[in-house]
Amino acid sequence: MSATPPSSLPNHDSLRPSVSSVLNPIPLSYGANSFPLNPFADPYHLNSVVSISYKNRVGEGYSRRSPDSKSFPCRTSDTLQRPSLRSSADPAPLRYPFLFFCYSLRSGLPSPPIRLLSQDPRSPMQSLRLNPILNTDSYKLTHWWQCPPETRHIYSYLESRGGMFEETMLAMLQYIVKSNFAGQVFTLDDVEEARRIAHAHFSGHPKSFNYEGFKSLYAKHRGRLPLRIRAVKEGTVVKTHNALITIENTDPEFYWLTNWAETLLVQVWYPITVATLSRAIKQIIGKALVRTGDPSLLPFKLHDFGFRGVSSKESAAIGGAAHLLNFLGTDTLAAIQLLNQFYSADLTARNPLDCAAYSIPASEHSTITAWGEAHELDAYANILANCPEGIVACVSDSYDIYNAVRNLWGGALRDKVLQRKGVLVIRPDSGDAVSVLEELFKIVSEKFGYEVNRKGWKTTVPCVRFIQGDGVNFYTIQNITAQLTRKGWSQDIWSYGMGGALLQQINRDTLKFALKCSAIDRNGQWHNVYKNPKTDPSKASKGGRFNLIQDGKEFATVEVVEGAPSPSNNALETILEDGKLLRDQTLAEVRAIASSYDTYNDSP
């Protein structure tokens, strides 16, 4: 492969290079023959080693990638140069040091490898940037001129109109509000960019984008949004057909903002649905544990396997975090990071192991099959050798899971498993879950022994447990748990791993979420607004402005009485007003609220 010519190199204007080695710095200047160093250059032409890393542009903060220092050859006869890069925000060009070590081409000796460590920040990645003004549906940009004359305020509410469950758990609204509606949301540059894009997008239609409106909004509020958002506390479980969230504009000039915000605000359907689904599964497993085993095991009985099964890392973070309102087990690291950043779940020096969620060392098929079928035993022995204590999980169906459990785990490795200070979790990943698990329970009982707990249900020896991660969803969990407990096995001995069915196999219609305009202020007079389609009465919406009255764990949506004070038991709290966040819940607080609605301990 030959060296990449300068003309074909990517534009690195967003990167600031810092190349490190052992000699003194040489200022880099931009010359006619200089170009960005190519780490894939032909080593025949280049014979020395340098290490390069990148700094972010001024004002952008650190990126999210931290690669190792890259080593690549450079030609000693060349003048090593690099343009001094700067962003439009930089007051003046900046120069960066280029430290290098080169061996002479004439020496005839190969260039020895030099390990060069860099303390520079991570190099920036190119990520999607969305103009905040355009974070809405296209047609909403045209609604500013479609409302009735003398409109001053528009009021809308969000509800679940039924669906898979009869109740919903509010989740991750705080993340959506903090990341989209709090503080300064847009700048004048965003307004200009939005105007240009909308002009082209709507083929030059003069009534497409409210250019003057957004300029006025910036002039009056400096990019903050004059909106009021009210909602129940996160973690609260509310029957469907109730107002969970309301939104209205606070400045009468910008009545069109209320439903401009719908597109992003209504996306709360996703974490609510995940949290509601996760909660429903928690009640199923919890009831089985109360009946057959130890309920204290419940927090780790449903593990999130869904990172790879969702549409984006953002979805993984949001959905995974919603699941963690109910459980403590996950392999979706993005969820932990969201909870750290938006729900005060960060690690502390005082409690360095106090994490938002937990996982364990575990194998995948590649780490087993890489040894080859003839050395399957060696693969398992290697796992035990590297994890002499604690919990470790191993997928065991790469070839013949019955042979693996009977003759490898329960044969050659039996004594090591029994002598470990910890638990081996065996994971089947194929076949009919009920029949496979039941057979594995029998094999382990035969090879290792079994016990009967104080409630009369059979368990395997404490050092061997199982996790079912294949074909797991809300309905198969009910079936597996019902059938295996009916056969006398305690729920103590197996857990579930749930991936796409937890975070991806849902949509807005799973709980039939909708955000609808319900009231409008015209010239100082409020009017109720609603829809009631003759062709589908289930899509009828409420009219009026609402309070959500709480009586214990029961809720009722009632219309606001003009001039009357807000009832003391109104569960709708103002969480955002005019860009200012007024409520900031912690993960611990949300979890406490969520657990207060558990029903698995209730008598049948």
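Residues numbered from 1 in each chain as written. Predicted model: local features only at pLDDT ≥ 70, side-chain atom pairs only at ≥ 80, totals over all residues. Heavy atoms only, no water.

Peer 1: When you look at the overall build of the chain in this model, what are you seeing that I'm missing?
Peer 2: When its secondary structure is counted, the chain shows 16 helices and 23 strands. Sorting the 604 residues of the chain into buried and exposed places 47% on the buried side. At a minimum sequence separation of 6, the contacts of the chain that also span at least 24 residues come to 79%. Only carbon and sulfur atoms are counted for the fraction: they give 51% of the accessible area of the chain, which is about 29,800 Å². (Helix = DSSP H or I, 4+ residues; strand = E, 2+ residues; numbered from the N terminus. Buried < 20%, exposed > 50% of the residue type's maximum accessible area, 1.4 Å probe, protein only. Contact = heavy atoms within 4.5 Å. Areas by Shrake-Rupley, 256 points an atom, 1.4 Å probe, with all protein chains shown as cover.)

Peer 1: What is the right way to look at the packing of helix 6 (residues 269–292) against helix 14 (residues 474–486) in this model?
Peer 2: When two helices pack together, you describe them by how their axes are tilted relative to each other and by the distance separating the axes. Contact pair helix 6 / helix 14: the axes reach a minimum separation of 10 Å and the direction vectors enclose 5°. With respect to their mutual orientation, helix 6 and helix 14 come out roughly parallel. On helix 14, the residues that touch Leu277, Ala280, Ile281, Ile284, Ile285, Ala288, Arg291 and Thr292 of helix 6 are Phe474, Ile477, Gln478, Thr481 and Thr485. Considering only residue class, the contact of helix 6 with helix 14 consists of 8 nonpolar, 4 polar and 1 charged. (Axes fitted to C-alpha atoms, helices over the stretch in contact; angles between N-to-C directions. Parallel < 35°, antiparallel > 145°, perpendicular 65-115°, else oblique. Nonpolar A, V, L, I, M, F, W, Y, C, P; charged D, E, K, R; others polar.)

Peer 1: What exactly am I supposed to notice about helix 11 (residues 401–412) here?
Peer 2: Working note: α-helix, 3.6 residues per turn, so residues spaced by three or four point in the same direction. Along helix 11, the residues classified as buried are Ile401, Ala404, Val405, Leu408, Trp409 and Gly410. The buried residues of helix 11 occupy an angular sector of 160° when projected down its axis, which confines them to one face. Buried residues along helix 11 sit against helix 10 (376–386), strand 12 (389–395), helix 12 (414–419), strand 13 (421–427) and helix 13 (433–448). (Arc of directions from axis to C-beta.)

Peer 1: Before we go on, may I ask you to explain the nonpolar core in this structure?
Peer 2: The tendency in soluble globular proteins is for nonpolar side chains to be buried side by side. Counting 137 residues, the largest nonpolar core has Met172, Phe181, Ile245, Leu338, Leu339 and Trp409 as its most contacted members. The biggest single contributor to this core is helix 6, with 11 residues. Not counting residues up to four positions away in its chain, the partners in contact with Met172 are Glu234, Pro271, Ile318, Ala321, Ala322, Leu325, Leu338, Leu339 and Tyr343. (Core = buried A, V, L, I, M, F, W, Y, C linked by side-chain atoms within 4.5 Å.)

Peer 1: What is the right way to read helix 3 (residues 211–221) from this model?
Peer 2: Those residues of helix 3 not exposed but buried are Gly213, Phe214, Ser216, Leu217 and Tyr218. Residues of helix 3 that are buried sit in contact with helix 2 (188–201) and helix 4 (257–260). After helix 3 finishes, the residue Arg222 shows a positive phi value of roughly 55°.

Peer 1: Before we go on, may I ask you to explain the pairing of strand 17 (residues 494–498) in this structure?
Peer 2: Walk down a regular strand and you will see the side chains alternate between the two sheet faces. Burial runs high along strand 17: 5 of the 5 residues are buried. Along strand 17, one buried face is formed by Trp494, Tyr496 and Met498 and the opposite face, lined by Ser495 and Gly497, is buried too. Where the polypeptide runs from strand 16 (residues 464–468) across helix 14 and back to strand 17, its parallel neighbour, the crossover connection is right-handed. (Right-handed = clockwise from strand over helix to strand, strands pointing away.)

Peer 1: Would you mind going over the pattern of salt bridges with me for this structure?
Peer 2: Two side chains that carry opposite charge are able to pair once their charged atoms sit near each other. Taken as a whole and assessed by the stated rule, the structure comprises 24 salt bridges. Salt-bridge contacts for Lys220 lead to Asp251; the nearest nitrogen and oxygen are separated by 3.0 Å. Here Asp251 lies in the loop between strand 10 (245–249) and helix 4 and Lys220 lies in helix 3, a separation of 31 residues in the sequence. A residue is classified by how much of its surface remains accessible, and Lys220, at 46% relative accessible area, is partly exposed. Glu438 is the salt-bridge partner of Lys442, the closest N and O atoms lying 3.8 Å from each other. Taken together, the positions of Lys442 and Glu438, both in helix 13 and 4 residues apart, correspond to about one turn of that helix. Through salt bridges with shared partners, a single ionic network connects Lys233, Glu573, Arg583 and Glu589. (Salt bridge = Lys/Arg side-chain N within 4 Å of Asp/Glu carboxyl O.)

Peer 1: It is not clear to me how the sheet that holds strand 10 should be interpreted in this structure. Could you clarify?
Peer 2: Strand-to-strand pairing in sheets goes through backbone hydrogen bonds, with the strands running parallel or antiparallel. The strand order across the open sheet built from 7 strands is 19-18-6-10-8-22-23, with neighbouring strands paired in antiparallel fashion. Two strands close off the open sheet at either side, each with one partner strand: strand 19 (525–528) and strand 23 (580–581). Note that strand 8 (residues 227–231) and strand 22 (residues 573–577) share 4 bridges and pair antiparallel. Residue pairing across strands places Ala231 opposite Glu573, the latter belonging to strand 22. In the packing of helix 1 (residues 173–180) onto the sheet, contacts are made with strand 8, strand 10, strand 22 and strand 23, and the angle to strand 22 comes to roughly 20°. (Pairing = 2+ DSSP bridges.)

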